[in-house]
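Geometric and topological summary
Here is what each chain is made of, one letter per residue.
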Amino acid sequence: MTAIAVTSTLVELLNAPRRTLLKVAQNAGISISRDARKWDIARALAEKFGDEIPEEAAEYLYAGQRSISWIRLVPESEEFAIGDPEYTYPMRGMEISKEEVEDALASEFNREDPFDIEERPETILEGQPQLIVARPHEDGVLFLFAIAMRKGQAIHNFKATSVVEDDFFPVIFRPELGLFEVRASADQARRLRRTWLRQFAAGLGAQSVPVSIPYSDLRLLHGELNAKLDAYTGAETDGISIYETHRYTRDEETCDDLLNEKRFQEDTENLMPLHGDLLFEFSEEFDEVRVHVSCNNGSVWIRTAVPEGVLRYVRAAMEKVKGV
Amino acid sequence: MSRSGQVQQRVLSAVEELTDRRSVGFYASAVAAMAEIAASEAAAELLDLVDKTVLELRFELRCPDNGRRVASFDCGDEIPLGKEFSSDRCESPESFVVDEADVFVRFVPSRKFAATIRRKTSEGEAQGRNSGKVQSLWPRRGRSPLLSLP
């Protein structure tokens, strides 16, 4: 089988939902079947538009269905206990200048222009995120990472082969806040923090700290988004119960919002909150956006496929909760 | 009694009650709720009780996705920080990289302390008095969801 070279544009387009890509392709007059695979639609768009990604697709590129984790930078010299809320709670890190970022990136890529996207790594490594693209972004700098993930084994012609697939994810760095917004699974965010980010931060005289989302933040976010609590999972803490975790899901016919129910308060009073699902209305088109807030791993997973505007809205709400 | 003395007493009472109720081990937050103090205060007092061999430490690894316990480690065991870990108790079939945030500290009554509490309770029951019984601080929670079905 011949391998086909993939452009950065194609990689970025694959972040958007299939139906968005199909709509963009149809509006652009590209002849493509309604049942075409996402891969084929993205390829057709990449071939037609090159680096100029159509705006309709662009607003979903780094949004879509996303998990977001935040990691902030603090001075390298500071020492703190693991899990110290004074360090893990704030969402604002140490400010980094634009020049420092560009110098660090130029050094990373070993070239003068850190935003030159013509070159990229030849090999994507397994289990270790690699920076493949950095470009200026309205919020600061957009990084696109790739990581090879082992998906399992496949048998072909009676021979077993390991199946490895590249996973791509964006990270937005906001230098004025010293904050990385990792738009990937919480697990990828952790990998990033333990590998690439550790080195990059050290180059800036900093270390990275993941931003936690305690239950108090979930409750405040509920208020900021004017949301309903639709599901909640908590763990028993006393070592007596026969149950380890409890999951409570709302019956929408009898309950508008779990958080407003006395019964819910009583039933969850002594549980350790793990995560909750908030439902909120963003617009007429997105009248029920589901956000899974994990107090356990400090991530916000927007489970509805939404454009960038919705992500920014959730981010702004979180910033308000955190007092940024 | 000074504030610190009161806190100490409340924590000890909570630990006694949980032990009496056959707890296999509890988090600082459970004791904090019973003693009506901050979790950090409870943790400090509980560590003190570990030093006094009333309690022992156990470290639990919880799945970062669904929060279920996937492994337990005694003091001195090596916790696989930074390593890939997988369990069928997790909802995702994919492994995760173990992070410090996945490790929870559980306080387990020592055998000696548990025996002391059992003896105290038995003596109290034998004498037909409640004074030997550990006073309950733990509010009875709502019943299990299954029992709540109409």
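Throughout what follows, the structure given in this document is the object of discussion. Just so we're clear, the structure is a prediction, and the values are computed from it rather than from any experiment.

On a plain count of helices and strands, chain A comes out with 11 helices and 11 strands. What you see for chain A is a C-alpha radius of gyration of 21 Å, in line with the 20 Å of a compact globule of 324 residues. Dimensions of chain A, computed from C-alpha atoms along their principal axes, come out at roughly 60 × 55 × 50 Å. Considering chain A as a whole, with its 324 residues, one finds that 51% of them fall into the buried category.

Right, let's talk about the environment of Asp74(B) for a bit. All names here are of chain B. With respect to the helices, strands and loops of the structure, aspartate 74 is situated in strand E2 (residues 69-74). Sequence separation between aspartate 74 and arginine 106 is 32 residues, and the spatial gap between their C-alpha atoms is 9.9 Å. In contact with aspartate 74, not counting residues within four places along its chain, are Leu57, Arg58 and Phe59.

Once that is clear, we can look at the pattern of salt bridges. Proximity of charged atoms lets side chains of opposite charge pair with each other. In this structure the tally under the stated criterion is 36 salt bridges over all chains. Between Arg43(A) and Glu47(A) there is a salt bridge; the shortest N-O distance is 3.7 Å. Placement of both Arg43(A) and Glu47(A) in helix H3 (residues 38-49) is noted, with a separation of four residues, approximately one turn of the helix. Of the charged contacts, one joins Lys120(B) and Glu16(B) as a salt bridge, the two residues approaching to 3.6 Å between their closest N and O atoms. Placement of the pair is Lys120(B) in helix H4 (residues 111-126) and Glu16(B) in helix H1 (residues 3-20), with a sequence separation of 104 residues.

The subject of this paragraph is the sheet that holds E2(B). Either a parallel or an antiparallel arrangement is found when strands of a sheet pair, and the pairing is made through backbone hydrogen bonds. All names here are of chain B. Spatially, three strands are ordered E2-E1-E5 in an open sheet, and the strand pairing comes out antiparallel. Where the open sheet ends on each side, the last strands, each with one partner, are E2 and strand E5 (103-109). Taken pair by pair, the neighbouring strands of this sheet meet at an average axis angle of 35°, ignoring direction. Two strands pair when backbone bridges link them, and strand E1 (residues 55-62) and E2 are joined in this way by five bridges, in the antiparallel orientation.

Peptide bonds are mostly trans, and most non-glycine residues show a negative phi. All names here are of chain B. Positive phi outside glycine occurs at arginine 22, with the angle close to 65°. Along the chain, arginine 22 turns up in the loop between H1 and helix H2 (28-35). For glutamate 36, which is not glycine, the phi torsion reads 60° and is therefore positive. Inspection of the secondary structure puts glutamate 36 in the loop between H2 and helix H3 (39-51). Since its relative accessible area comes to 70%, glutamate 36 is described here as exposed.

On to the packing of aromatic side chains. Counting across every chain of the model gives 19 aromatic pairs over all chains. Considering the side-chain rings of Phe80(A) and Tyr87(A), the 4.1 Å spacing of their centres and the 15° angle between planes classify their relative orientation as stacked. The structure contains a cluster of three or more aromatic residues connected by ring pairs, namely Phe143(A), Phe145(A), Phe169(A), Phe173(A), Phe180(A), Trp196(A) and Phe200(A). Above the face of the Trp301(A) ring, Arg303(A) is positioned so that its terminal group lies 4.3 Å from the ring centre. Sitting over the ring of Tyr27(B), Arg106(B) keeps its end group 5.0 Å from the ring centre.

Rules used in this analysis
Residues numbered from 1 in each chain as written. Chains lettered and ligands numbered in written order. Predicted model: local features only at pLDDT ≥ 70, side-chain atom pairs only at ≥ 80, totals over all residues. Heavy atoms only, no water. Helix = DSSP H or I, 4+ residues; strand = E, 2+ residues; numbered from the N terminus. Rg over C-alpha atoms; globule rule 2.2 N^0.38 Å. Buried < 20%, exposed > 50% of the residue type's maximum accessible area, 1.4 Å probe, protein only. Contact = heavy atoms within 4.5 Å. Salt bridge = Lys/Arg side-chain N within 4 Å of Asp/Glu carboxyl O. Pairing = 2+ DSSP bridges. Axes fitted to C-alpha atoms, helices over the stretch in contact; angles between N-to-C directions. Phe/Tyr/Trp six-rings, centres within 6.5 Å; stacked < 30°, edge-to-face > 60°. Lys NZ or Arg CZ within 6 Å of the ring centre and 35° of its normal.

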